[in-house]
Amino acid sequence: MSLIDQLSAFPAETIALADGARVQFRRVRGAGGTAAVTHVLLHGIGSASGSWLAQLQQVAGGTGARSHVLAWDAPGYGASSPLAMESPRAADYALRLWAWLDALAVTQAVTLVGHSLGALMAAAAAVQAPSRVARLVLLAPAQGYAQASAELREKKLSDRLANLEALGPAGIARKRAGAMLSAEADESQRAFVEHVMAQIDPAGYTQAARMLASGDLPGDLRRVACPVTIANGESDTITPPQAARDLAQAIGAPYVSLGAVGHSCPLQAGAPVNRLLGLQEELA
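Overview of the structure. (Residues numbered from 1 in each chain as written. Predicted model: local features only at pLDDT ≥ 70, side-chain atom pairs only at ≥ 80, totals over all residues. Heavy atoms only, no water.)

**Side note on the overall build of the protein**
Point 1. The secondary structure content of the protein amounts to 11 helices and eight strands.
Point 2. Here the protein has a C-alpha radius of gyration of 17 Å; the compact-globule value for 284 residues is 19 Å, and the two agree.
Point 3. Overall size of the protein, expressed as C-alpha extent along the three principal axes, is 55 × 40 × 40 Å.
Point 4. Considering the protein as a whole, with its 284 residues, one finds that 53% of them fall into the buried category.
Point 5. Of all intrachain contacts in the protein linking residues separated by at least 6 positions in sequence, the fraction that spans at least 24 positions is 76%.
Point 6. Summing over all exposed atoms, the protein offers an accessible surface of approximately 11,700 Å²; the carbon and sulfur share of this is 52%.
Point 7. Measuring between centres, the 22 positive side-chain charges of the protein sit 3 Å from its 23 negative side-chain charges. (Helix = DSSP H or I, 4+ residues; strand = E, 2+ residues; numbered from the N terminus. Rg over C-alpha atoms; globule rule 2.2 N^0.38 Å. Buried < 20%, exposed > 50% of the residue type's maximum accessible area, 1.4 Å probe, protein only. Contact = heavy atoms within 4.5 Å. Areas by Shrake-Rupley, 256 points an atom, 1.4 Å probe, with all protein chains shown as cover. Lys, Arg positive; Asp, Glu negative; His and termini not counted. Charge placed at Lys NZ, Arg CZ, Asp CG, Glu CD.)

**A few points about helix 5 (residues 150-176)**
Point 1. With 27 residues, helix 5 extends only 26 Å from end C-alpha to end C-alpha; this falls clearly short of the ideal 39 Å at 1.5 Å per step.
Point 2. Of all bends in helix 5, the biggest is about 105 degrees, found at Gly 168, and the proline Pro 169 comes one to four residues later.
Point 3. Restricting attention to buried positions, one finds in helix 5 the residues Leu 157, Leu 164, Gly 168, Pro 169, Gly 171, Ile 172 and Ala 173.
Point 4. Of the surrounding elements, those touching the buried residues of helix 5 are helix 6 (187-198) and helix 7 (202-214). (Expected span 1.5 Å × (residues − 1). Bend = angle between axes of the 7 residues up to and from the residue.)

**Overview of unusual backbone geometry**
Point 1. In this model, Ala 105 sits at a positive phi of 60 degrees, which is unusual for a non-glycine residue.
Point 2. Looking at Ala 105, the relative accessible area reads 58%, which means it is exposed.
Point 3. The phi dihedral of Ser 116 falls on the positive side, at around 55 degrees, and the residue is not glycine.
Point 4. Its relative accessible area of 7% is what places Ser 116 among the buried residues.

**Looking at the packing of helix 5 against helix 7**
Point 1. Put simply, helix 5 and helix 7 touch, their axes get as near as 9 Å, and they point 165 degrees apart. By the angle class used here, helix 5 and helix 7 are roughly antiparallel. Along this stretch, helix 5 crosses helix 7, giving a crossing that reads as right-handed. Taken together, the residues of helix 7 that come into contact with helix 5 (itself represented by Arg 153, Leu 157, Arg 160, Leu 161, Leu 164 and Pro 169) are Pro 202, Tyr 205, Thr 206, Ala 209, Arg 210, Leu 212 and Ala 213. (Axes fitted to C-alpha atoms, helices over the stretch in contact; angles between N-to-C directions. Parallel < 35°, antiparallel > 145°, perpendicular 65-115°, else oblique. Left-handed = near helix turned anticlockwise from the far one by under 90°.)

**Observations concerning the sheet that holds strand 8 (residues 255-257)**
Point 1. With mixed pairing, the eight strands of this open sheet are ordered in space as 1-2-4-3-5-6-7-8. Because the sheet does not close on itself, it has two edges, and the strands there are strand 1 (13-16) and strand 8. For this sheet, the mean inter-axis angle between neighbouring strands, taken without regard to orientation, is 25 degrees.
Point 2. In the sheet, strand 7 (residues 228-232) pairs with strand 8 via three bridges, with the strands oriented parallel. (Pairing = 2+ DSSP bridges.)

**A look at the pattern of salt bridges**
Point 1. Counted according to the given criterion, the structure contains seven salt bridges.
Point 2. Here Arg 210 ties to Glu 86 by a salt bridge, and the two come within 3.6 Å at their closest N and O atoms. In this pair, Arg 210 sits in helix 7 while Glu 86 sits in the loop between strand 4 (68-72) and helix 3 (90-103), placing the two residues 124 residues apart along the sequence.
Point 3. Taking relative accessible area as the criterion, Arg 210 reaches 23% and is therefore assigned partly exposed.
Point 4. Residues Arg 223 and Asp 220 are paired through a salt bridge, measuring 3.5 Å at the closest nitrogen-oxygen approach. (Salt bridge = Lys/Arg side-chain N within 4 Å of Asp/Glu carboxyl O.)

**Structural notes on the packing of aromatic side chains**
Point 1. Following the criterion strictly, the structure yields two aromatic pairs and no others.
Point 2. Each ring, one from Trp 72 and one from Trp 100, has its centre 5.6 Å from the other, and the planes form 25 degrees; the classification is stacked. Separated by 28 residues along the polypeptide, Trp 72 in strand 4 and Trp 100 in helix 3 bring together distant segments of the chain.
Point 3. The exposure class of Trp 100 is buried, given its relative accessible area of 0%. (Phe/Tyr/Trp six-rings, centres within 6.5 Å; stacked < 30°, edge-to-face > 60°.)

**Digging into the side chain of His 263**
Point 1. One can find His 263 in the loop between strand 8 and helix 10 (265-268).
Point 2. You can call His 263 buried: its relative accessible area is 2%.
Point 3. Among the polar contacts made by the side chain of His 263, one reaches the side chain of Asp 236 at a distance of 2.9 Å.
Point 4. Among residues more than four places away in sequence, those in contact with His 263 are His 115, Ser 116, Ala 140, Met 180, Asp 236, Ile 238 and Thr 239. (Polar contact = N/O pair within 3.5 Å; in protein donor to acceptor, adjacent residues only side chain to side chain.)

**What about helix 2 (residues 53-60)?**
Point 1. Within helix 2, six of the eight residues are buried, leaving the element largely enclosed by the surrounding structure.
Point 2. Looking at helix 2, one finds that the buried residues are Leu 53, Ala 54, Gln 55, Leu 56, Gln 58 and Val 59.
Point 3. Positioned one or two residues after helix 2, Gly 62 has a phi angle of 100 degrees, which is positive.

Read these as layout, nothing more, since geometry by itself doesn't imply function.
Structure follows, in structure tokens:
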């Protein structure tokens, strides 16, 4: 069975928020778990809730029996309502995150996990509600361009949006999916990444690209109170590992190498990521 077919074991749900917006998400609870949510997973700009397939399978397979995991589709992705503003900031996504968790009656502190662009959302959320985040884990973090020159910031944004207009989601997926993984990835992983990326909504992607342009991950992390761990694949050409190491050193956080894997590390490095997140049972 292909990875695309395997995702059907985790059907998407939607929930209406107090302001009428909707959030689509996937969830899985270990057989021995309680109702309390333990992990919340935030995907990157070319990804979706299904990109956390390896983590959902880990918990469903019984080795993460005490875990209860939620993975959202960010605003403007899947059936999740877009944000109201044309150029949202990371804090706007964070506000939607907390409204979603409020709607699900999640009140206890969680492990908040951000991959790539999701790292900006996760850090902003930890700044907004420090008592609700027990631990922050950032995988292949996108750091944003707030500290770059205005010229570079505008070029990065305009290039990304020009590619979207010229190629469309399916074209971007065909062109970019290979760069998301290292040479060691198998064909099923490549097909899965391309499939997920091809589903992006242009309007939601555009909002996310504008957020990336204004994002300031180092600045937000200097205001975070909870423990932070940063991890990266050593073959990642999109968010290079040295940048992640430098960020970890700058904020005094541990850095974890995920081995010779590319940017889609939650999929390609499923086992190391699951261990890092604590989704596996402790050995007796």
